[in-house]
Structures are given as structure tokens and as C-alpha cells.
Amino acid sequence: MTSRTEERSVELAIGGMTCAACANRVEKRLNKLDGVTASVNFATEKARVSFDGAPTAVEELVAQVEKAGYTATVPRAEGSGEQEAAEEADPTRALRDRVVVSLALSVPVIAMAMVPALQFTYWQWASLALAAPVIVWGALPFHVSAWKNLRLGTATMDTLVSLGVTAAFLWSLYALFLGTAGTPGMTHPFEFTIARTDGSGNIYLEVAAGVTSFILLGKYFEARSKRRAGTALRALLELGAKEVTVLRDGREELVPVDRLAVGDHFVVRPGEKIATDGTVESGTSAVDMSMLTGESVPVEVSPGSTVVGATVNAGGRLVVRASRIGSDTQLAQMARLVEDAQNGKAAVQRLADRVSGVFVPVAIMIAVGTLGFWLGTGEPTAAAFTAAVAVLIIACPCALGLATPMALMMGTGRGAQLGILIKGPEVLESTRRVDTVVLDKTGTVTTGTMALAGVTAAPGQDEDELLRLAGALENASEHPIARAIAKGATERVGALPATEDFANIEGRGVQGVVDGHAVLVGRVALLQEWSQDLPEELADAIEAAESEGRTAVAVGWDGRARGVLVVSDTVKPTSAEAVRWFRELGLTPILLTGDNKAVARAVADEVGIEEVVAEVLPKDKVDVVTRLQAEGRTVAMVGDGVNDAAALAQADLGLSMGTGTDVAIEASDLTLVRGDLRAAADAVRLSRRTLGTIRGNLFWAFAYNAAALPIAAAGLLNPMLAGAAMAMSSVFVVTNSQRLRRFRPLTEPAPNE
């Protein structure tokens with residue numbers, strides 16, 4: 001009996017896709033294979049394929065994709081270095097060069113056609129020399145895509161662009177060489193008369209070159225935003241340590257981290273990153289895990305404690321035994337979470353592609369019908385072809401190439417001035433439907449750094465003296481909580497005295513001599529060891545602080561407990577106002593954090609959030625977003641840490657605080673440079689406004705052409721009128737997009753009228 005073949009999965013990089021329809025085509029072809037389940041993402045240009053079969057099945061998958069007219073490769077492993085980076089840059093650089101050359105050649109062609117004063121004796125031949133490279137070389141991607149679509153019996157906007165550009169070019173060649181357009185001194189008069197003509201004196205080179213250049217410009221902006229798809233994963237993997245100090249035969253040896261093996265013992269000094277997941281064998285310290293867990297308070301570790309790779313040792317020397325390496329570490333698992341979330345997103349169908357699904361075949365049918373009708377009624381062949389070509393030309397909207405990139409440039413430019421970075425047009429579609437905003441606590445709603453939040457002095461004890469002595473002692477410590485106390489004391493009482501005989505009592509606190517006083521700062525147990533029991537007022541202060549999830553440390557000297565200092569992550573002063581704005585935008589705020597429920601509830605109450613999800617791991621954050629989406633909500637996620645990256649990628653709209661990690665920024669759709677949560681509300685408003693502008697641009701780009709189609713089909717479309725319609729639609733798109741420059745944030749008052 002044949003044994004069941006093992007299920008395998010592979011990721012393929014798909015090349016040659018120009019629209020969402022291409023992704024659907026590749027996906028359908030792969031899914032037709034027995035035992036294959038494929039999902040193709042147009043935004044990331046990747047296919048995730050699960051299948052049963054022998055190793056040769058991968059080659060079969062690649063062959064199927066190539067039969068569909070596209071390319072497929074298995075992405076290479078990390079470490080390809082500069083060559084890989086250069087190859088990734090090539091497509092965008094090549095497209096940029098194509099755009100620059102095409103625009104430089106097209107501008108004089110358009111100017112000569114639209115301004116009679118510029119039409120010198122042989123201007124039409126100069127136009128041909130300038131336009132030909134644009135139409136042949138500049139529009140080559142559209143021609144190649146149209147040919148692929150023709151072989152597959154389908155049509156996209158690329159088909160219409162190629163047909164319109166080719167028709168305009170071929171008819172211009174006919175008019176120049178066989179008609180009267182090549183006559184020296186020929187001009188295109190600036191008039192708006194409607195009359196039937198055989199077209200032999202008209203050239204459409206400016207239309208062909210202009211359409212090519214404008215739509216190439218749109219493709220370039222799209223490609224530039226798509227290039228960022230994989231940078232979140234690279235940034236995440238780069239967080240890990242590159243080298244590690246391994247203990248071998250009693251000696252310390254510095255080796256690359258990829259040579260670390262499970263069971264190896266390695267040393268982590270203060271300030272160093274922990275190389276990989278493991279268990280502490282010796283030493284005690286505080287480990288800053290905020291980048292992975294979101295916990296604002298450093299975690300105390302001692303022998304037997306579990307530590308995670310890429311976190312930072314903030315205290316003493318540790319010896320750790322490696323338990324997981326490479327792809328098994330929590331960091332690598334988080335990278336997979338980000339990748340899965342990105343690939344799992346539904347490919348965004350471009351608005352133009354959706355409309356073109358109907359518009360393209362209708363326009364082609366009208367052109368063919370126009371040709372047949374006029375030939376059937378006995379009109380001259382030249383006049384019939386003129387009418388058919390006019391339909392194709394007017395059906396290929398010049399303004400369509402400007403509709404999205406122009407609004408996007410204005411919207412993103414204004415956003416950049418306000419500290420809001422929008423990554424691409426696909427981001428905007430989600431902002432219209434968002435109804436829930438999930439807010440990470442640490443670094444987003446709060447500052448993400450520990451600060452002195454409260455001081456309680458024992459009866460008869462001066463607060464300033466308490467802060468001065470405790471701050472001086474903590475100033476000698478490297479612990480994050482100690483640094484917060486020292487900073488707070490300095491801000492309140494000024495310069496701190498020197499400390500003598502400083503000592504760190506592992507896991508309990510610190511002691512030393514300040515101004516002749518033997519001072520203790522740390523846990524209650526430390527003071528009790530020195531017979532310094534806390535009076536009721538101080539015990540109540542500690543209990544109150546801990547009930548709110550804050551960290552309280554006791555202070556004593558000269559044989560008596562003197563006070564309690566409370567340290568916590570502080571709420572940003574603008575967070576409550578931002579939450580109110582979210583509600584006004586129709587969004588339901590939810591607080592999401594890895595901190596405990598008491599901390600989360602206290603922060604939520606302070607800023608006005610009702611729903612709280614606390615004590616969640618990075619994977620749980622993704623699950624929370626997924627659960628909300630399964631409930632039918634459209635979710636925006638605001639975060640700043642590595643632990644938020646996967647959830648940002650999974651959310652319908654990801655917003656990262658620019659004060660956070662590169663990983664979170666790259667995994668998000670919008671970046672808030674200012675680190676002010678109010679900017680998130682402005683980002684949603686600006687995105688919605690930009691999307692509305694794009695929709696308006698697209699509508700009018702098609703409306704001008706749709707209105708002119710009957711005139712073109714009737715054979716009454718004067719070439720100057722066609723050019724004017726093109727210019728009017730383009731001018732409208734530009735001026736409509738310019739209105740985004742007047743967008744004002746909620747914090748900025750409107751100018752007096």
C-alpha cells in the first residue's frame with residue numbers, strides 16, 4: 001500500500017503581475033492542480049502554496065505559473081547580501097528611468113499639439129521623433145501585458161492603454177505618410193467645432209505619448225510602495241544579536257550567533273542583547289523585554305528564569321543555556337507571524353481595475369461596432385476608421401493615470417508636513433470602513449518609559465529630603481527603576497549628593513551611605529531585614545500602588561522606614577483627547593497590552609476607554625485582531641513595538657508610532673512621526689479625505705471620456721476637441737487633488753475668514 005505523501009508548503013515570488021486580476025489568474029491556475037491550495041497576494045507579489053507531492057512538485061508549480069504568462073521563483077535564503085539588495089532595487093529604478101525619459105520626451109509633444117503658436121513648419125515630424133520612443137519603449141510594459149492578456153482571452157486596463165496608444169500612433173503614421181498631416185506648415189487649429197472628417201490630416205501623437213507617461217507615473221508610485229513589503233521581516237530579523245560569547249572548556253569565545261547550538265552556555269554582559277532563547281544558569285539581572293512583550297517594567301531574572309533572544313540585559317552578568325536557536329526562537333516565530341499576516345491579507349482590488357473590468361470590453365466593443373456601422377452605411381473607409389480610432393483614444397483616459405498618484409502625492413505630502421506618512425494607495429481603502437481602533441498601551445497611549453509617579457513620606461519626614469537621599473543612592477545603580485527615581489529626584493530637588501559604599505543586594509534593592517546616613521532602597525523585605533518595619537501609612541501606599549499595577553519601592557535610613565516611592569509608565573497628556581476624537585470619527589477604541597489587568601484598567605480609565613484586553617503575548621495580539629475581524633469589524637491597530645508588528649500587519653489598517661521600532665513602522669500602513677496619538681485621528685481623517693479625492697478623480701476621469709464616446713462613435717470628434725477633453729480632465733484631477741493641501745489637523749484652528 002502506498003504511504004500517504006507528506007504535506008509541504010512553499011512560498012513563490014511571482015513576477016510580471018500588473019493588477020489584481022493577474023493575481024487571481026495565477027491563483028486559479030495553481031489551484032487547478034491536484035492536492036494544491038494556493039493563495040496569491042498581488043501587494044506582496046508572493047504565492048503561498050500547500051501541496052502533497054515529491055520535491056519535483058515545486059518545479060511543476062513554477063511551470064504552471066510560467067504557462068500563465070508570469071514568472072515564479074523560490075525566494076533565496078537570507079544572506080545574499082548586497083547583490084540581493086541591488087536586485088530588489090532594479091525594478092523600481094528601471095521603472096523610474098522609464099518614467100523620467102517618457103515625461104521628458106512627452107512634454108514638448110503635448111505643448112506643440114495644444115499651443116498653435118509652437119507649431120513651427122515641421123513640428124509634426126519633430127513630434128513623431130520625440131513621441132516614437134515613448135510609444136514603443138516607454139509603453140512596452142503595457143504592450144507586453146496586453147499581449148499576455150490576448151493569449152489568455154482576457155482584458156485589463158493595460159489592454160486599453162496599449163490599444164489606445166497603438167491606435168493613436170498607427171493612425172498618426174497613416175496621416176503623416178499617406179494623408180495630409182505631413183504637409184509642411186500643417187497646424188492643429190485651436191477650435192471646438194464638431195464635424196465628420198476622414199482623419200487624414202489629424203495626428204494623435206500627444207495623446208499616445210501623454211497617456212503613456214501619465215500612467216507610467218502612476219505605476220511607478222505603486223511599485224515604490226510595494227517594494228517595502230518585505231522590509232518588516234528583514235528589520236525584525238536584524239534585531240537579534242550578531243555575535244555571542246560562548247563558554248567552552250572554561251574559556252570565553254566570541255563566535256557568530258549562527259554557530260550557537262542548543263545546550264551551549266553563553267555570557268550576556270550588562271547592556272548586551274541576549275543572543276537566543278534560553279534559561280539562566282547563573283547571575284541575576286533585570287531584562288528589558290519591552291520590545292517583545294510590551295511590558296514597561298523590566299523583568300527580574302535569576303537562575304532558572306527563561307529569557308528571550310533579542311531582549312536586553314539591563315543589569316548584571318548572566319550565563320544562559322541556549323534552549324532554542326534559529327527558526328525556533330520567539331523572534332523567528334514573530335517574523336513568521338508578520339509574514340503570515342501580510343500574505344494573508346486580501347489583495348486590494350484597484351478602483352481603476354474594478355471599473356476597467358466593465359469599461360475596457362465595452363469600449364472595445366463600441367470601437368468595433370462603430371467601425372462596422374460606418375462601413376455598413378457606405379461611409380468612406382478612412383472616415384470609418386477615424387471614428388473607431390477616436391473611440392479608442394477617448395476611451396483611454398489620460399487623467400486616469402493622474403487620478404490616484406496626484407491625489408496620493410498631495411495627500412501624502414500634506415501628511416508628511418503633519419507627521420503622517422501614508423505608504424500607498426492600497427492603505428486608503430481601509431480607512432473608509434474602519435470602525436474599531438485597537439491601541440497598544442506601552443509607547444502608544446503611554447510614554448513607554450518608567451517615571452517617578454508618586455512620593456509618600458512617613459509622618460514627620462520631609463519629602464525633599466526623602467527624594468534627595470533615595471535619588472542619590474539610586475543614581476549609582478544601572479537598574480531602569482533606579483534611573484527613573486534618580487531622574488525624578490533630580491528634577492524635583494536639584495543636584496544629588498555623592499554615594500559611598502554602594503552595594504546592590506540581588507533581587508531586593510540597593511544600600512549605601514549618603515551624607516552620613518545608611519540608606520536602603522528596595523523591596524519591603526530588604527527594610528525588614530534591617531528591622532525597619534513600615535508604618536501603616538506607608539504600607540497602605542504600597543498596597544494602593546500595586547493594586548493599580550504600579551511599582552513601589554520602600555526607602556529607609558538610620559534604622560527607620562522613611563517613605564515610599566512609586567514608579568510607573570505615565571500616560572501621554574494627549575491620549576485622552578485622541579480617544580475622544582476616535583469616538584467622534586465613529587471608531588470604538590480598545591486598549592491592548594501585555595501588562596497586567598490592573599495596569600491596563602487604570603490607564604484605560606484615565607483616557608476614557610471602556611474595553612480592555614490585557615496580559616497578551618505577541619501571538620495573542622494577532623489573535624485579538626483576527627477575532628475582532630471575524631466579528632465583522634474593520635480594525636485599525638496603533639502600536640510601536642516589535643511585539644505589535646504582526647498585529648499591525650494583520651489589521652485592516654496598521655498605524656505605527658514613529659518613536660517606535662523600525663519593525664513596527666515597516667509592518668504598518670501609516671506611520672505617525674510625532675509619536676502623538678492625536679495624529680492617528682488626523683491620519684484617519686486625511687486618509688479618508690485622500691480616498692474621497694481619488695474616487696472623485698476616477699469618476700471624472702471616466703466621466704469626461706464616457707460623455708465623449710457617443711460623439712466619437714458618431715464620427716464627429718474633432719482632434720482638438722479630443723485634446724481639450726483630455727486636458728480638461730487632467731486639469732480637473734490636478735486642481736481637485738490640490739485641495740488636499742488645505743487639510744488641517746484637529747489641533748490646528750481654522751484661519752479667520
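Residues numbered from 1 in each chain as written. Predicted model: local features only at pLDDT ≥ 70, side-chain atom pairs only at ≥ 80, totals over all residues. Heavy atoms only, no water.

K.L.:
Account for a nonpolar patch on the surface, naming residues and giving values.
P.N.:
A cluster of nonpolar side chains, contributed by Val358, Val362 and Met365, occupies part of the molecular surface with about 280 Å² of accessible area. The topology assignment puts Val358 in helix α11 (residues 351-376). Taking the relative accessible area as the measure of exposure, Val358 reaches 56% and is therefore exposed. (Patch = residues over 30% accessible without salt bridge, like charges linked within 9 Å, V, L, I, M, F, W, Y side chains within 5 Å. Areas by Shrake-Rupley, 256 points an atom, 1.4 Å probe, with all protein chains shown as cover. Salt bridge = Lys/Arg side-chain N within 4 Å of Asp/Glu carboxyl O. Helix = DSSP H or I, 4+ residues; strand = E, 2+ residues; numbered from the N terminus. Buried < 20%, exposed > 50% of the residue type's maximum accessible area, 1.4 Å probe, protein only.)

K.L.:
I'd like a rundown of the pairing of strand β13 (residues 318-324), residues and numbers included.
P.N.:
One ladder, built from four bridges, connects strand β7 (residues 265-268) with β13; its direction is antiparallel. Each residue of the ladder has a partner; that of Val268, found in β13, is Leu318. Note: strand β8 (residues 277-282) against β13, five bridges, orientation antiparallel. Directly across from Gly278, in β13, lies its bridge partner Ala322. (Pairing = 2+ DSSP bridges.)

K.L.:
How would you sum up the UniProt feature "transmembrane region" (unreviewed entry) in the protein chain? Please name residues and give values.
P.N.:
In the UniProt entry, the feature "transmembrane region" (unreviewed entry) is given for residues 99-119, 125-147, 159-183, 203-221, 355-376, 382-404 and 697-714. As annotated, residues 697-714 has a helix share of 94% and a strand share of 0%, and its two end C-alpha atoms lie 27 Å apart. (UniProt positions renumbered as here; feature names shortened; annotations may be inferred.)

K.L.:
Explain the sheet that holds strand β9 (residues 285-288) to me, and be specific about the residues and the numbers.
P.N.:
Spatially, β10-β9-β12 is the arrangement adopted by the three strands of the open sheet, whose pairing is antiparallel. In this open sheet, the two strands that pair with only one neighbour each are β10 (299-301) and β12 (312-313). With three bridges joining them, β9 and β10 adopt antiparallel strand pairing. Its bridge partner lying in β10, Ala286 is registered against Glu300.

K.L.:
Can you tell me about unusual backbone geometry, naming the residues and giving the values?
P.N.:
Most peptide bonds take the trans configuration, and most residues that are not glycine carry a negative phi. In the Ramachandran plot, Asp558 falls in the positive-phi region, its phi being about 50° despite a non-glycine side chain. Of note, Asp558 is situated in the loop between β20 (551-557) and β21 (560-571). For Asp558, a relative accessible area of 43% gives the class partly exposed. Backbone geometry places Glu615, a non-glycine residue, at a positive phi of 55°. Summarising the element assignment, Glu615 is placed in the loop between β23 (611-613) and α22 (618-630). Relative accessible area serves as the criterion here: at 49%, Glu615 is assigned to the partly exposed category.

K.L.:
Please set out the environment of Val49 residue by residue, giving values where relevant.
P.N.:
With respect to the helices and strands, Val49 occurs in strand β3 (residues 46-52). Sequence separation of Val49 and Glu27 is 22 residues, and the distance between their C-alpha atoms is 9.4 Å.

K.L.:
Quick rundown of the pattern of salt bridges? Include the residues and the values.
P.N.:
A complete count under the given rule lists 18 salt bridges for this structure. Its salt-bridge partner being Lys441, residue Asp569 comes within 3.5 Å of it at the nearest N-O pair. Taken together, the residues span a long stretch of sequence, with Asp569 in strand β21 and Lys441 in helix α15 (residues 441-445) at a distance of 128 residues. Residues Asp569 and Lys441 agree in their burial class; the two are buried.

K.L.:
Outline the packing of aromatic side chains, listing residues and values.
P.N.:
Under the counting rule described, the total for this entry stands at three aromatic pairs. Centroid distance Trp125 to Phe177: 5.3 Å. Interplanar angle 75°. Geometry classified as edge-to-face. Of this pair, Trp125 sits in helix α4 (residues 123-138) while Phe177 is found in helix α6 (residues 157-177), placing the two residues 52 residues apart along the sequence. Looking at Trp125, the relative accessible area reads 27%, which means it is partly exposed. Exposure remark for Phe177: the relative accessible area of 54% places this residue in the exposed category. (Phe/Tyr/Trp six-rings, centres within 6.5 Å; stacked < 30°, edge-to-face > 60°.)

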